[in-house]
6 protein chains.
Amino acid sequence: MNLIPWEERPKGSKDVVWRYSQNPIINRDAIPTSNSVFNSAVVPYKDGFAGVFRCDNKAVQMNIFAGFSDDGINWKINENPINFEAHDKGQILGDYKYDPRVVFLEDRYWITWCEGHNGPTIGIGYTFDFKEFFQCESAFLPFNRNGVLLPEKIDGKYAMMSRPSDNGHTPFGDIYMSYSPDMKYWGEHRHMMSPTPFKDSAWQCTKIGAGSVPFLTNEGWLMFYHGVINTCNGFRYAMGSAILDTNQPHIVKYRTQPYLLTPSKTYEQVGDVPNVIFPCASLQDVKNDKVTIYYGGADTIVAIAFGYISEILAFTKNNSII
Amino acid sequence: MNLIPWEERPKGSKDVVWRYSQNPIINRDAIPTSNSVFNSAVVPYKDGFAGVFRCDNKAVQMNIFAGFSDDGINWKINENPINFEAHDKGQILGDYKYDPRVVFLEDRYWITWCEGHNGPTIGIGYTFDFKEFFQCESAFLPFNRNGVLLPEKIDGKYAMMSRPSDNGHTPFGDIYMSYSPDMKYWGEHRHMMSPTPFKDSAWQCTKIGAGSVPFLTNEGWLMFYHGVINTCNGFRYAMGSAILDTNQPHIVKYRTQPYLLTPSKTYEQVGDVPNVIFPCASLQDVKNDKVTIYYGGADTIVAIAFGYISEILAFTKNNSII
Amino acid sequence: MNLIPWEERPKGSKDVVWRYSQNPIINRDAIPTSNSVFNSAVVPYKDGFAGVFRCDNKAVQMNIFAGFSDDGINWKINENPINFEAHDKGQILGDYKYDPRVVFLEDRYWITWCEGHNGPTIGIGYTFDFKEFFQCESAFLPFNRNGVLLPEKIDGKYAMMSRPSDNGHTPFGDIYMSYSPDMKYWGEHRHMMSPTPFKDSAWQCTKIGAGSVPFLTNEGWLMFYHGVINTCNGFRYAMGSAILDTNQPHIVKYRTQPYLLTPSKTYEQVGDVPNVIFPCASLQDVKNDKVTIYYGGADTIVAIAFGYISEILAFTKNNSII
Amino acid sequence: MNLIPWEERPKGSKDVVWRYSQNPIINRDAIPTSNSVFNSAVVPYKDGFAGVFRCDNKAVQMNIFAGFSDDGINWKINENPINFEAHDKGQILGDYKYDPRVVFLEDRYWITWCEGHNGPTIGIGYTFDFKEFFQCESAFLPFNRNGVLLPEKIDGKYAMMSRPSDNGHTPFGDIYMSYSPDMKYWGEHRHMMSPTPFKDSAWQCTKIGAGSVPFLTNEGWLMFYHGVINTCNGFRYAMGSAILDTNQPHIVKYRTQPYLLTPSKTYEQVGDVPNVIFPCASLQDVKNDKVTIYYGGADTIVAIAFGYISEILAFTKNNSII
Amino acid sequence: MNLIPWEERPKGSKDVVWRYSQNPIINRDAIPTSNSVFNSAVVPYKDGFAGVFRCDNKAVQMNIFAGFSDDGINWKINENPINFEAHDKGQILGDYKYDPRVVFLEDRYWITWCEGHNGPTIGIGYTFDFKEFFQCESAFLPFNRNGVLLPEKIDGKYAMMSRPSDNGHTPFGDIYMSYSPDMKYWGEHRHMMSPTPFKDSAWQCTKIGAGSVPFLTNEGWLMFYHGVINTCNGFRYAMGSAILDTNQPHIVKYRTQPYLLTPSKTYEQVGDVPNVIFPCASLQDVKNDKVTIYYGGADTIVAIAFGYISEILAFTKNNSII
Amino acid sequence: MNLIPWEERPKGSKDVVWRYSQNPIINRDAIPTSNSVFNSAVVPYKDGFAGVFRCDNKAVQMNIFAGFSDDGINWKINENPINFEAHDKGQILGDYKYDPRVVFLEDRYWITWCEGHNGPTIGIGYTFDFKEFFQCESAFLPFNRNGVLLPEKIDGKYAMMSRPSDNGHTPFGDIYMSYSPDMKYWGEHRHMMSPTPFKDSAWQCTKIGAGSVPFLTNEGWLMFYHGVINTCNGFRYAMGSAILDTNQPHIVKYRTQPYLLTPSKTYEQVGDVPNVIFPCASLQDVKNDKVTIYYGGADTIVAIAFGYISEILAFTKNNSII
């Protein structure tokens, strides 16, 4: 079993989630061609970890790259982007790819991302070995972002969250769940969560989006998500957690009124897009009650944070706004 | 066979499509509660015609109503809106319904419309008799409008056009085709048509949307659609035609660079939303080469126009911009 | 007693409020210098009626003018605008005046209007004879519009409705009540009514504003107000009614979900600002259960409409949305 | 000498400028391909008149067409657009042409218009005979509109007014004068006129643009121009007059605070763009003190209006705002 | 007498106002629940100082908290927000509170703040002991911000500055003075200051707002205020000073064309809202000519700055723009 | 010959252009009155260097100042702005000046800048000695920015690049070339470069502008320019290079798809306008293949960067997007 990255809570801290003292773990120039590396996803793989990384190049073209690590902290990212083969003939490939998520489901690693197809929508692909990759039909019509698959089928169907958007810097956004019998045709769209009223929880009052792949706990599926406030100087992205019903995961049971993390370190406050924390993945060691969260900082770097699952569950339940 | 409404081309006119001299055929106060009746759909039904009508009430709530006619011109619209029963348990019903289309396919009349579900998306329902109506799962995530089904399955799948949108008076919009094996789960989304460059065809340079249900001709599927220009005094909606490939209907073979109809009658220029022509249906008498187009005028009334199918096909081919 | 203008309901009509068949009663060129005459207020005066009229001149400068009528339909408007004397020394006079309301209260005719004072706010003045006019301190800070006084003191205090605004074509707006012991200092601001949700009553979903001076009925104060929807071609203004609590008039007891009048005559649909009905006054003959409503059409002319008070009260109660 | 179109002032009218009773003189379908004919320019030519007409076709592509008339009222417009030859090699031709003006200067008829060249700017061309046309270098960088040449050189230089703009429905706009020694290189740009403050003359408070070609009077150059107000339902275009200094025509001596014409006829209030009066030319019979103004109505048709030059001069001087 | 915080001007500095070398004096996590502590107000109290602090919690809900300090630098802030009792029955309490100011006037400490009441307006409350707090009627209708009371009555009336706003990130804003006989009803609204033209003083060209409570000097009331410029990357807030007429304080005698402080330290440039200096209070030791200014930095922390009153007065007079 | 500033490429770096390790070379407080010093231009002058510097003062008024240096790194900037004399009588002087460029051409140093003249346009002036300065006619009508002259005449004509703009934070912008026989009248406007599609080179997808004065190489004119992306937190400015045809310099032969420099140092990421790199000049030592680039950082300071000309040419050719 893979030991997930871990660092104990700093002395004196009462934070439910705390940052790694050596953040960022991946810098903007992690590969020779990269302008920035951020909003990336990791999973346990063999004895270590594999990941899919958003590396914008120096033309600021967005693409996703495979990478590998023994310890989840030191990563070797391929210098060339993932080259998807079409799963079906007639398959349409998009203009750009960003903000990947990865989940192991049944027999393979599924990857979802934001796919450029006359506007952003949710791309789907898979790999068995992080060497060969196959791209499937996009899940939805544009405009959509933040597609996140559940790691198990629900009632025999695949389940994916997403955040319908517009064709710009979308100033609104709710999270929906959709279901599919075959990962190709999607329906049964269910509304899950909306932004909160400004007076109740302003950090998530403009838009929200699914973040990490949910994992099952005794309280339901635990997910880290981002919320956005529109300040007079632009959007600020922070992170909260939500617990989804085990059997009907489009039902949100609890959701944090306070954030768990907000931009307050320089690597979150200063960069290509200031004041952004954007979670895309978590690694969990359920036996030891530990979770490690991977998030992008300021659209520039990758950082991690830690927490005890039981504490996060309790905090989410005790500070919930639905 | 039902004789479709018809009036010959006025003397001296060279228009490919011409208006009915007695327009509008349905006025804003067609039922006691209506503020306006427009953007409505009709089909042959028994010896005459049936239709689904958008009647906004005097609170300007949008809903759809069944109606019947012997001649396609004089309509009796039910005073109460359609009361849909859920096709499945767990079915979600929306807040409002507008801009219906109707198509007979296999064994029943399918209705699609713009359904309010945390924003507009495409609602689907059916009826066998225009008395009992059943509502299915919505086809897509919000935000979407102008969902139009093809009247035949393509390669064993249902095919629906739609126009992804945003949550306001969307200032952009392309037409896509999506496919479904079962009218419940949708995928294989294909881009069909974009707005044209301003300099090439300004009447359709801001957004476009599918209009009438396509019908098969020897050139392919013939459809009437709307195009929009954003003037300094708001949107103006005009009507063009497109011919879709018979077997791969997401491929647009021809599309009119000139409009077929633009607002130039008072009932199109003045009303709740000035300068709108919005086609939602056509009736065709293929044997006699005739088609009658139903369209909303100024978001207030229903009007009709006529044309010879062969002339429209020729005009579309000879004046095409793709 | 002054006989208010009156015309019976047209045969066959079921409308609660119906238009005068000879509308408009005042045309845009009613005085030699006028570009338009609209959004004006009338009261019984001596044996006939007096009024304060918004006449924009041909430079499209906005000002208010006194006028007189024997029958409430044929008006003679002064060719020069009202020349206000300052009620107090140190009084500040604004740049422009528009949308007046008039009410008799205690011993004089109070006039309120939209006063230009580094932005629009609520001007206050009075007259005893419609010859000499005095201007008081403006009631509120900018930005505000649609200030309407109640015709009686409430608990010994003057009561005024208004609609806080911004410095442009305000895309939002609620009605508030404020109180004053002396018509100079104002406080006790109470929220009264908001726009309605789009799905429930779209004609008043963008903003609302007080219209006519309320008059007392056995159900409370009856007022006609305007509601606005933001279409893709601009704002459309329609008219509803509200019943306010007799003793605490900032409490809205009932309010029409449907409109009473919406732009559907040419003089309401076409003009300087298309699709506007804007009520500013009513005359009531309570003994005979009659009310005559004065409203501006298309920001260009003045029109009137009629109704039976008891019917309007019943309609408001039976079709209420709060 | 060509007798300009003329109709006496209607009885009882005190208007300084009055409309032709048979307006519009050119309808939207004046040529078989036209969607609309408007914003067009005329000049005396031989025994009658020639003109350059903006005819948008039914694809709503904008282009300019030559036309001829014996009486200035009944026009025969060529069915094909003007085919410009390049005056110089290397000449760049634009995507579209609209809003022409024509002026005889020295030995030829110069035409200026709005030329599409990666955005609108001022195109220049000339003809000797309205059969052969030559296109020169565009005068300015984009974005510019409403280029109007003076009919005489000033200090040996050509003088052109224009209205710097942006790439959309520009919400601002002042008139400038520029000079050129050779009609190819332009400089000495001088600011002439700004929009007026809202409270002083609201009809021209958003933007203004040169209209007709100025002609010399004993008071200076007399020009008709358009002014725009941004209402809550879009832009409204009205017409005023200005008198420019004879020798330094970038100095505006007088300018009407009131408009001369504002949209109040159906052909000005209803059409492709409601509420537009847009003057592009005048014909003057100086000996008889008469001027006939040509203007576009509602971006759809061509209309004319009349006035006595001396009255217009007096009115402009007596009602001036600078 | 309380010794105000003080640090001498750094060697070599010619700044009229200089920062404390140990800034920030209050960090974002000053209390366990705080996301940020900023835009806060202090007054002398007993032997030391008391204050009212804006502490946004980790749900980014805005509220105000009492705090105490012996030296004005080291503060102990209560962990629970101020719990206001209603001064009158029927009192309306708002949704949120932010940006407080405090002033001792007559017999008590008056607090004003931005109160959420269907939009932001000016809340008023008082305390005698910073333990019990009472809330009065809000002063004005929404939308308003930056309400600052004068510390003395003027002609027997309370005087309050405010900045009328809209319901968003208001892109405009002037300072007004209003008067009240009783702290309940307000009137006599007087315009005081506008933003300056871009070319004359760009740091305050978008909007301005009253900052610290004015204090009396031999030149008049001295106040520190904020000015805003709208850059291509959002608003930047800097600080200037103004001198108000002693007896008619709505008359601004002088006002700095240059700023006194602009964001140039990391704690002003980086934080929840970058590039913000927002003064809310000052402490003055008039005998020793010293003033200490309290301001929020980057909407995240509290900082202080120092100056000699006589130098600031002289600078304001010598560098004035009205 | 003047030795240009130089520092070798850091060990291990593969960057084509690298920053000076002692950046910034000029701080925001370089002169006593300055708020910021940035976007400035330098040229070889006598044995050292002269420059024209944008120094915004503490009222944030924009003006340009002369300065001198022996080594190109340590600068002495005059404390008073350049005082231009009018080259011609009747010359119009603007409200403000910013973003200067300097070029030696024929017999003098020409200066171009953004001149405030009812909106920004391109000012032109010259000096022989950096003591006396003369201002000429502005080149173009507003709105324009980033005027950059070529250092040689082309076909006997002066050649200037510029970026037509609007009157705000222009969200679009292409580079054009214009020609002039005499530096007074300009024409022959040629479109050179547009922003790139988002998917191809996002850092320059919103607008671009000429930066440094081009210098001749064996490949053509080499210029450094800025490109802008509109993020959800505002504009980000980066730097690329372009090669223009030697004889027809309005033809862009190559242009970098990747940027050469993007904001990634604190002095580029944090300041008055975060995330700005804005090149305005270069010094080249062609014999030794060296170029030193001067650029503004975060609208606050001046920094420099270095490169080998041959490497930059090769990189531009090998990574070109047109």
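The preceding data block contains the structure.
Predicted model only: the values in this text are computed from it and were never measured. (Residues numbered from 1 in each chain as written. Chains lettered and ligands numbered in written order. Predicted model: local features only at pLDDT ≥ 70, side-chain atom pairs only at ≥ 80, totals over all residues. Heavy atoms only, no water.)

### Overview of the relation of the copies chain C and chain E
Least-squares fitting of chain C to chain E yields an RMSD of 0.0 Å, with the transformation described by 0.0 Å of translation along the axis and a rotation of 180°. When the rotation and shift are considered jointly, the pair of chain copies conforms to a two-fold rotation axis. A shared interface surface links the copies, since 100% of the contact residues of chain C are contact residues in chain E too. (Least-squares fit on C-alpha atoms with pLDDT ≥ 70 in both. Contact = heavy atoms within 4.5 Å.)

### Some words on the interface of chain C and chain E
At the interface, 32 residues of chain C touch 32 residues of chain E. Surface buried jointly by chain C and chain E totals about 2,500 Å² across both partners, of which 60% is contributed by carbon and sulfur atoms. It is Leu141, Tyr185 and His189 of chain C that lose the most area in chain C upon contact with chain E, and together they represent 27% of the buried surface on that side. Taking the shortest distance from any N to any O, the salt bridge between Arg190 of chain C and Glu137 of chain E comes out at 2.6 Å. Broken down by secondary-structure element, the contributors of at least two residues to the side of chain C that touches chain E are strand 12 (158–164), strand 13 (175–180) and strand 14 (187–193) of chain C. Among the elements that line the side of chain C that touches chain E, the one with the most residues is strand 14 of chain C, at five residues. (Buried area = accessible area lost by both parts, 1.4 Å probe. Salt bridge = Lys/Arg side-chain N within 4 Å of Asp/Glu carboxyl O. Helix = DSSP H or I, 4+ residues; strand = E, 2+ residues; numbered from the N terminus.)

### Let's talk about the arrangement of the chains
With no contact between them, chain A and chain C keep their nearest C-alpha atoms 16 Å apart. Separated without contact, chain B and chain F have their nearest C-alpha atoms at a distance of 16 Å.

### What to know about the interface of chain B and chain A
Each partner contributes residues to the interface: chain B has 32 residues there, and chain A has 32 residues. Both sides together, the interface formed by chain B and chain A hides about 2,500 Å², and carbon and sulfur atoms give 60% of it. If you sort the residues of chain B by the area they bury against chain A, Leu141, Tyr185 and His189 of chain B come out on top, with a joint share of 28%. At the junction of chain B with chain A, the criterion picks out two salt bridges. On the surface where chain B and chain A come into contact, there are 10 residue pairs in polar contact (both at pLDDT 80 or more). Top contributing element to the side of chain B that touches chain A by residue count: strand 14 (residues 187–193) of chain B, with five residues. Split by residue class, the side of chain B that touches chain A holds 13 nonpolar, 13 polar and six charged. (Polar contact = N/O pair within 3.5 Å; in protein donor to acceptor, adjacent residues only side chain to side chain. Nonpolar A, V, L, I, M, F, W, Y, C, P; charged D, E, K, R; others polar.)

### Let's talk about the pairing of strand 17 (residues 220–231) of chain E
All names here are of chain E. Most of strand 17 sits inside the fold, with 11 of its 12 residues counted as buried. By the bridge criterion, four bridges tie strand 15 (residues 207–210) to strand 17 in an arrangement that is antiparallel. Paired with Ile208 across the strands is Gly227, a residue of strand 17. Looking at chain direction, strand 16 (residues 215–217) and strand 17 are connected through three bridges and run antiparallel. Each residue of the ladder has a partner; that of Leu216, found in strand 17, is Trp221. Here strand 16 folds back onto strand 17, and the loop between the two strands holds two residues. (Buried < 20%, exposed > 50% of the residue type's maximum accessible area, 1.4 Å probe, protein only. Pairing = 2+ DSSP bridges.)

### Things to note about the environment of Met161 of chain C
For Met161 of chain C, the position within the fold is in strand 12. Met161 of chain C has contacts with Asn146, Gly147, Val148, Leu150, Ile175, Tyr176, Met177, Met192, Ala210, Pro214, Met223 and Leu244 of chain C, leaving out every residue within four places of it along the chain.

### Some words on the sheet that holds strand 13 (residues 175–180) of chain E
All names here are of chain E. Read from one edge to the other, the open sheet built from four strands follows the order 11-12-13-14, with strand pairing classed as antiparallel. The strands lining the two open edges of the sheet, one partner per strand, are strand 11 (144–149) and strand 14 (187–193). Taken pair by pair, the neighbouring strands of this sheet meet at an average axis angle of 25°, ignoring direction. Here strand 11 runs beside strand 12 (residues 158–164); their pairing, made up of four bridges, is antiparallel. For Arg145, the partnering residue across the bridge sits in strand 12 and is Arg163. (Axes fitted to C-alpha atoms, helices over the stretch in contact; angles between N-to-C directions.)

### Details of the packing of aromatic side chains
The geometry of two aromatic rings is summed up by the distance between their centres and the angle between their planes. Applying the stated criterion to the full structure yields 156 aromatic pairs over all chains. Summarising the aromatic geometry, the rings of Tyr20 of chain E and Phe306 of chain E are spaced 5.9 Å apart at their centres and angled 90° between planes, so their arrangement reads as edge-to-face. With Tyr20 of chain E in the loop between strand 1 (17–19) and strand 2 (34–45) and Phe306 of chain E in strand 22 (residues 301–308), the pair connects residues that are 286 residues apart, well separated along the chain. Each member of the pair, Tyr20 of chain E as well as Phe306 of chain E, carries the same accessibility label: buried. Their ring planes at 25° and their centres at 5.3 Å tell us that Tyr126 of chain E and Phe134 of chain E sit as a pair that is stacked. Residue Phe134 of chain E is classed as buried on the basis of its relative accessible area of 17%. By way of ring pairs, the aromatic residues Tyr45, Phe68, Phe84, Phe104, Tyr109, Trp113, Phe130 and Phe133 of chain A are connected into one cluster. (Phe/Tyr/Trp six-rings, centres within 6.5 Å; stacked < 30°, edge-to-face > 60°.)

### Focus on the side chain of Thr127 of chain B
Residues and elements named next belong to chain B. Residue placement: Thr127 occurs in strand 9 (residues 120–127). Judged by relative accessible area, Thr127 falls into the buried class, the value being 0%. There is a polar contact of 3.2 Å between the side chain of Thr127 and the backbone nitrogen of Asp129. Within the structure, the side chain of Thr127 is placed 2.5 Å from the backbone oxygen of Glu132, a separation counted as a polar contact. In this view, Thr127 contacts Arg108, Tyr109, Ile111, Glu132 and Phe133; residues no more than four positions away in its chain are not counted.

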